[in-house]
Amino acid sequence: MEQRVLGRTGRSVSVVGLGTWQLGADWGDVREEDALAVLDASVEAGVTLFDTADVYGDGRSEQLIGRYLKGRPDAEVFVATKFGRRAEQRPEHYNLANFRAWSDRSRSNLGVERLDLVQLHCPPTPVYSSDEVYDALDTLVAEQRIAAYGVSVETCAEALTAIARPGVASVQIILNAFRLKPLEQVLPAAAAAGVGILARVPLASGLLSGRYTARTRFAADDHRTYNRHGEAFDQGETFSGVDFATGVEAAAAFAGLAPTGATAAQTALRWVVQQPGVTAVIPGARNPEQAVANAAAAGLPPLPDGTLAAVRELYDARIRPLVHDRW
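Residues numbered from 1 in each chain as written. Predicted model: local features only at pLDDT ≥ 70, side-chain atom pairs only at ≥ 80, totals over all residues. Heavy atoms only, no water.

Take the overall build of the chain next. Helix and strand content of the chain: 11 helices and 10 strands. Scaling as 2.2 N^0.38, a compact globule of 327 residues should have a C-alpha radius of gyration of about 20 Å, and the chain matches this with 18 Å. Taken over the C-alpha atoms alone, the chain extends approximately 50 × 40 × 40 Å along its principal axes. Put simply, the chain has 327 residues, and 55% of those count as buried. For the chain, the proportion of contacts with a sequence separation of at least 24, taken over those separated by at least 6, is 76%. Within the structure as shown, the chain displays about 12900 Å² of accessible surface, and the carbon and sulfur contribution to it stands at 50%. (Helix = DSSP H or I, 4+ residues; strand = E, 2+ residues; numbered from the N terminus. Rg over C-alpha atoms; globule rule 2.2 N^0.38 Å. Buried < 20%, exposed > 50% of the residue type's maximum accessible area, 1.4 Å probe, protein only. Contact = heavy atoms within 4.5 Å. Areas by Shrake-Rupley, 256 points an atom, 1.4 Å probe, with all protein chains shown as cover.)

Within a pair of aromatic rings, the relevant descriptors are the distance that separates the centres and the angle that separates the planes. Under the definition given, this model contains 12 aromatic pairs. An angle of 20° between the planes, with centres 6.0 Å apart, marks the rings of W21 and Y56 as stacked. Of this pair, W21 sits in the loop between β3 (18-19) and α1 (32-44) while Y56 is found in the loop between β4 (49-51) and α2 (60-71), placing the two residues 35 residues apart along the sequence. On the basis of relative accessible area, Y56 is assigned to the buried category, the value being 9%. Centroid distance F239 to F244: 5.1 Å. Interplanar angle 45°. Geometry classified as tilted. Side by side, F239 and F244 carry an identical accessibility label, which is buried. Every member of this aromatic cluster is reached through a ring pair, and the members are W21, Y56, Y226 and F233. (Phe/Tyr/Trp six-rings, centres within 6.5 Å; stacked < 30°, edge-to-face > 60°.)

A few words now on the layout of surface pockets. Within this model, the second largest pocket holds a volume of roughly 260 Å³. In terms of lining, the second largest pocket is formed by 13 residues, of which the most central are L69, V77, V79, V112 and D116. Ranked by residues supplied to the lining of the second largest pocket, first place goes to α2 with 3 residues. Among the residues making up the lining of the second largest pocket, the classes are represented as 6 nonpolar, 2 polar and 5 charged. (1 Å grid on protein atoms, 1.4 Å probe; cavity = no way out; pocket = protein on both sides within 12 Å on 5 of 7 lines; lining within 4 Å. Points joined across faces, edges and corners; volume = space filled by probe spheres on them. Nonpolar A, V, L, I, M, F, W, Y, C, P; charged D, E, K, R; others polar.)

In strand β7 (residues 149-152), alternate side chains face the same way, and those of Y149 and V151 on one face and G150 and S152 on the other are all buried. As paired elements, strand β6 (residues 117-121) and β7 share 4 bridges and run parallel to each other. Note that in β7 the partner of L120 across the bridge is V151. Regarding the hand of the β-α-β motif, the stretch spanning β7, helix α5 (residues 156-163) and strand β8 (residues 168-174) is right-handed. (Pairing = 2+ DSSP bridges. Right-handed = clockwise from strand over helix to strand, strands pointing away.)

Turning to the pattern of salt bridges, a few remarks are in order. Throughout the structure, instances matching the rule amount to 23 salt bridges. Close ionic contact of R145 with E143 constitutes a salt bridge, the shortest N to O distance being 2.4 Å. Judged by relative accessible area, which is 17%, R145 ranks as buried. For E143, a relative accessible area of 32% puts it in the partly exposed group. When the shortest N-O distance is used, the salt bridge between E154 and R200 registers 3.6 Å. You can see E154 sitting in the loop between β7 and α5 and its partner R200 sitting in strand β9 (residues 196-200), a full 46 residues away along the chain. The class for E154 is buried, based on a relative accessible area of 12%. Relative accessible area serves as the criterion here: at 7%, R200 is assigned to the buried category. Salt bridges sharing partners connect three or more residues here, namely R100, D104, R107, E143 and R145. (Salt bridge = Lys/Arg side-chain N within 4 Å of Asp/Glu carboxyl O.)

It is worth spelling out the environment of G299 at this point. Along the chain, the position of G299 falls in the loop between α10 (288-296) and α11 (305-323). Sequence spacing of G299 and V16 is 283 residues, and the spatial spacing of their C-alpha atoms is 9.9 Å.

The next thing to look at is the packing of α1 against α10. Packed helix pairs are characterised by how far apart their axes lie and by the angle those axes make with each other. Following both chains from N to C, one finds α1 and α10 inclined at 25°, their axes separated by 8 Å at the closest point. Accordingly, the angle class assigned to the pair α1 and α10 is roughly parallel. In this structure, α1 meets α10 at a crossing whose hand is right-handed. Each of A37, V38, A41 and S42 in α1 lies in contact with α10, whose residues at this interface are P288, A291 and V292. Split into classes, the residues belonging to the contact of α1 with α10 amount to 6 nonpolar, 1 polar and no charged. (Axes fitted to C-alpha atoms, helices over the stretch in contact; angles between N-to-C directions. Parallel < 35°, antiparallel > 145°, perpendicular 65-115°, else oblique. Left-handed = near helix turned anticlockwise from the far one by under 90°.)

It is worth spelling out the nonpolar core at this point. F50, F99, L120, L137, V171 and F178 are the most contacted members of the largest nonpolar core, which has 88 residues in total. Per-element tally for this core: the top contributor is helix α9 (residues 264-273), with 6 residues. With residues up to four places along the chain from it excluded, the contact list for F178 reads A204, L207, L208, V242, G247, A250, A251, L314, Y315, I319 and V323. Counting residues in each nonpolar core, the second largest holds 11 residues, with L49, A80, A169 and I282 among its members. (Core = buried A, V, L, I, M, F, W, Y, C linked by side-chain atoms within 4.5 Å.)

Function cannot be inferred from these measures alone, as they are strictly geometric.
What follows is the structure in structure tokens.
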């Protein structure tokens, strides 16, 4: 699989990684043996990047990754984790004492002395502008608790604020065929600054797989049920903030753009991978088959200009009027 350098970390990662939110919670129950099978299938398919967070299953996702990698010392996997969402979301909680405690907990969960990458996990907007926050993160690097740090953001404005900071190695942002706004300023700014881009929610919470209909129902403990209107956290994390009915219709149109031999989901991932400035895309997978299919998207030929134009036309006609200015 193609490898790209992840911004200022200096480390190379696979262009298709694995997001592991679903291995912790919030997507329905996932058994431990199934979670480990997903991790193994991803590695065997060439994935060298796992993205996790201390809040996924309150540490379960990190612990599963740590357990798996302990048994696979041959697997050269870069693990990007996130912290901050386990605390009440107030800017003053983003301080050195908490950063030390949070990073120590993640190091224990993952079973490592030093974390490859820690990302601020969509904190309150003022945090991105705080000198004290970046000084504290620099201290974690100096203390060798972490090798590098980045941010995970909800808005393009937050991303641009972080990219201007010299110590920020990477920015994680929602980017998919239903969320094109980062293409305008964020990706060019990141490329110019040498900051990596991790694209999350690349399938718009599964919408872009083309598997759902207006009659699809999700489990009560699945965020696609309980956060559809932003009841639990930012609405943009669920279906990219697009209302489900509109998303299903637009996804059906998108599926028609898939080239011969590729699924709609693989086409959506391929679209992200070839956007200038993107380092890697981090789809989730609930079973080994999904993990292998996602990884295979990296090997697809680049989508032709006609397909790229059709994606833009679909976005402008059906999605942009609903969500573009919000994020």
